[in-house]
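Coordinate analysis (summary)
Each chain, letter by letter, is given below.
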Amino acid sequence: MAKSLKGLHLFHYTFSNCSQRVRLALAEKGLSWASHHLDLSKNEHITTEYQAINPKGVVPTLVYDGEVVVESNDILYYLEEKFPQPSLIPDDDAKRTAMEAIIHFSGTAQTSIKVITFDRFFRKIITSSEEDVRFFERYRNNQEVVQFMQDFHENSEAWSLRVSAAVTEVDAVLTRLDKVLTQSHWLSGDEYGLADISWVVNIYRMNSMAYAFDQCPNLASWFDRASTRKAFQEAVVLYQP
């Protein structure tokens, strides 16, 4: 199926911050793309057809002229390579290396952000049963996800440990980002770029859960700038239900 697709195609979900990241990059570059929306709340990502494209059964997945790219930060780099204008990376090698390190942190922190989202947001609006966990076990080719859902369902010590570790990691990363912003206007350097795209959707998620940013004034100011960009409104805010 994927190999027959021509042009840019994105398999995504409205609320997924990883999907938001890619939609934002596409908007900043002014690229046209075909939407394949998968409602994760209805398990539309857990199908044989989709897992043939993305074996982990997660979103987003980008397809460009039959070439499949998964993992949202990898997609950012891919889009920059294929569509270099407007450029979203610094010209200076040292600044690009610094930007790449910040993007890397957004990837490593993703699991912690997911834990906090499930604990502070999803637990209020969804119910989880043992049957749900068994469903994931049968149909997800991803044991890490199965264990995550098991811990979330049981809501016992294992889940509490996940939450505690997640908060510790996120707090440390946010403090680091705040320090970076004492030296530059954007996380990507002098100009808005891929690191800002990678992180603004995470901060948007944390902000929506009333996460405290009292100790990160530079980050709060940066978020105000990044979240009022036209592309952010189009790719993230207007997609919200």
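Residues numbered from 1 in each chain as written. Predicted model: local features only at pLDDT ≥ 70, side-chain atom pairs only at ≥ 80, totals over all residues. Heavy atoms only, no water.

**A word on the environment of Glu49**
Examined against the element boundaries, Glu49 turns out to sit in helix H2 (residues 48–53). We classify Glu49 as exposed; its relative accessible area is 55%. Remark: the alpha-carbon pair of Glu49 and Met1, spanning 48 residues in sequence, is separated by 8.3 Å. (Helix = DSSP H or I, 4+ residues; strand = E, 2+ residues; numbered from the N terminus. Buried < 20%, exposed > 50% of the residue type's maximum accessible area, 1.4 Å probe, protein only.)

**A short note on the environment of Ile203**
Within the secondary structure layout, Ile203 lies in helix H9 (residues 194–208). For Ile203, a relative accessible area of 2% translates into the label buried. As a C-alpha pair, Ile203 and Phe213 span 10 residues in sequence and 9.7 Å in three-dimensional space. When sequence neighbours within four positions are dropped, the list of residues in contact with Ile203 reads Leu174, Phe213, Leu219, Trp222 and Phe223. (Contact = heavy atoms within 4.5 Å.)

**Structural notes on unusual backbone geometry**
Generally, phi is negative for residues other than glycine and the peptide bonds are trans, each holding for most cases. The amide bond that connects Val59 to the next residue, Pro60, takes the cis arrangement and shows omega of 5 degrees. The linkage connecting Gln85 with the following residue, Pro86, adopts the cis geometry, with an omega of -5 degrees. A positive phi angle is found at Asp65, which is not glycine, with a value near 50 degrees. Relative to the helices and strands, Asp65 resides in the loop between strand S3 (61–64) and strand S4 (67–70). According to the relative accessible area criterion, Asp65 is partly exposed, its value standing at 42%. Although it is not a glycine, Ala210 sits at a positive phi angle of roughly 60 degrees. Within the fold, Ala210 resides in the loop between H9 and helix H10 (217–227). Ala210 gets classed as exposed once you look at its relative accessible area, which sits at 67%.

**A few points about the packing of aromatic side chains**
Tallying each qualifying case throughout the model produces 13 aromatic pairs. With 5.4 Å between their ring centres and 80 degrees between their planes, Phe148 and Trp159 make a pair best called edge-to-face. On the criterion of sequence distance, the pair formed by Phe148 in helix H7 (residues 143–154) and Trp159 in helix H8 (residues 157–180) is long-range, its members being 11 residues apart. For the pair formed by Phe148 and Trp159, the shared burial category is buried. (Phe/Tyr/Trp six-rings, centres within 6.5 Å; stacked < 30°, edge-to-face > 60°.)

**With respect to the sheet that holds S4**
Within the open sheet, the 4 strands sit side by side as S2-S1-S3-S4. Their pairing is mixed. Two strands bound the open sheet, and with one partner strand each, they are strand S2 (34–37) and S4. Adjacent strand axes in the sheet meet at a mean angle of 20 degrees when their direction is disregarded. Direction of pairing for strand S1 (residues 8–12) relative to S3: antiparallel, over a ladder of 4 bridges. From the neighbouring strand, Leu10 faces S3, where its bridge partner is Leu62. Seen against the sheet, helix H3 (residues 72–82) touches S1, S3 and S4 and runs at an angle of roughly 135 degrees to S4. (Pairing = 2+ DSSP bridges. Axes fitted to C-alpha atoms, helices over the stretch in contact; angles between N-to-C directions.)

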